[in-house]
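# Architecture at a glance
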Amino acid sequence: MLTSALLTRVVGAALEEDAPWGDLTSTALLPADATATADLVAREPGVLAGGDVFAEAFMLTDPATVVDLHVADGDAFAAGDVLATVTGSARSLLTAERVALNFTQRLSGIATLTAAYVAAVEGAGPDGKRVRIADTRKTTPGLRAFERHAVLAGGGRNHRFSLSDAVMAKDNHLAVLSRGGRDLATALRNAIETLPHTTHVVVEVDRLDQIPAVLEGGAHTVLLDNFSLEDLRTGVALIDGRATAEASGGVNLDTVRAIAGTGVDVISVGALTHSARALDLGLDVRIDAGPRND
């Protein structure tokens, strides 16, 4: 959730980075009383995310700025559509422009890519089973909440937010356990006994023969990592509804539909956040120079 405090903190830091001692160009060239109106225009089709972030950049720069959002987060748009209009001090608009665009282009790119994955798996599950497309923790440091919001705007789902939110035993955890001679099923049961009853437990496996012990240990989700399509189908059959079946690894827009067809419940895709291309959005500014001293 993008709270007011989070918006102020993250966007404020970006503005400070971009203009630590003010905008020298706008201050030197533009009259203090000059006003402007700017339109956020889509140069290509996509899905919007980050409307509130866009507005926050201008409002933090100058609280008198008026921002009208014409498209809501999660809405699709076409090339040429006007997504928002901003009115206020010309100096303030041009000072905030790049930060506002950087956020909105990045987040809309994530939402647009997520929407493409969601569309690709529509109706692909066995007997029409709905398959969830989820993000991962492969996010830009400091921007995870923003990027996860963009995934939701694109129709995807969020995985755990942080290391503190769920137990997720990955290959390196299992390697340490095996070197110590500990039995995986027993280790999982002992861990679950010490955890709050609301804690979700995910275990990543990379071989079919690991699945029985994971189920015996009481895992809630079995993450099938880098499995072939045939092994994914076998893994889903072994899990047999006793846990959520999640697939990861080797997922792209060319492979995701076939992966969904194996019967998994969730497909986690790191590319949603670490490989999304920034969408081409522009801010078209109309300058009113203000009163002239003739």
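Below or above, wherever it landed, is the structure these notes cover.

Conventions and cut-offs
- Residues numbered from 1 in each chain as written.
- Predicted model: local features only at pLDDT ≥ 70, side-chain atom pairs only at ≥ 80, totals over all residues.
- Heavy atoms only, no water.
- Helix = DSSP H or I, 4+ residues; strand = E, 2+ residues; numbered from the N terminus.
- Buried < 20%, exposed > 50% of the residue type's maximum accessible area, 1.4 Å probe, protein only.
- Areas by Shrake-Rupley, 256 points an atom, 1.4 Å probe, with all protein chains shown as cover.
- Pairing = 2+ DSSP bridges.
- Axes fitted to C-alpha atoms, helices over the stretch in contact; angles between N-to-C directions.
- Contact = heavy atoms within 4.5 Å.
- Phe/Tyr/Trp six-rings, centres within 6.5 Å; stacked < 30°, edge-to-face > 60°.
- Lys NZ or Arg CZ within 6 Å of the ring centre and 35° of its normal.

## Here's the deal with the overall build of the chain
The secondary structure content of the chain amounts to eleven helices and twelve strands. On the principal axes, the C-alpha backbone points of the chain span a range of 85 × 40 × 25 Å. Here the chain holds 294 residues, and 47% of them are scored as buried. Roughly 14600 Å² of accessible area belongs to the chain as shown, and the carbon and sulfur atoms make up 52% of that amount.

## Some words on the sheet that holds strand 8 (residues 201-205)
Strand order across the open sheet formed by six strands is 6-11-10-9-8-7, with parallel pairing between neighbours. Bordering the open sheet on either side are strand 6 (132-134) and strand 7 (167-169), each of which pairs with just one other strand. Between one strand axis and the next, the sheet turns by 25 degrees as a mean value, whatever way the strands run. Across three bridges, strand 7 lies against strand 8 in parallel orientation. Bridged to Val167 within strand 8 is Val201. Along the sheet face, helix 9 (residues 229-239) touches strand 9 (221-225) and strand 10 (244-248) and points at about 165 degrees away from the line of strand 9.

## A look at the environment of Leu107
Relative to the helices and strands, Leu107 is located in helix 4 (residues 90-120). With 89 residues separating them along the chain, Leu107 and Asp18 place their C-alpha atoms 19 Å apart. Setting aside its immediate chain neighbours within four residues, Leu107 contacts Ala49, Gly50, Val53, Phe146, Glu147 and Ala150.

## Some points on the packing of aromatic side chains
Counted by the stated rule, this structure contains two aromatic pairs. Considering the side-chain rings of Phe54 and Phe58, the 5.0 Å spacing of their centres and the 65 degrees angle between planes classify their relative orientation as edge-to-face. You can see Phe54 and its partner Phe58 sitting in helix 3 (residues 51-61), four residues apart, about one turn around the helix. In terms of burial, Phe54 and Phe58 fall into one category: buried. Over the aromatic face of Phe161 sits the side chain of Arg144, whose NZ or CZ is 5.9 Å from the ring centroid.

## What about the pairing of strand 5 (residues 82-89)?
Across the eight residues of strand 5, six count as buried, placing the element largely inside the fold. Relative to strand 5, strand 1 (residues 35-42) runs antiparallel, the two sharing seven bridges. Looking across to strand 5, one finds that Val41 is bridged to Val82. Two elements, strand 3 (residues 66-69) and strand 5, share four bridges in a ladder whose sense is antiparallel. By the bridge assignment for strand 5, Val67 is matched with Val86.

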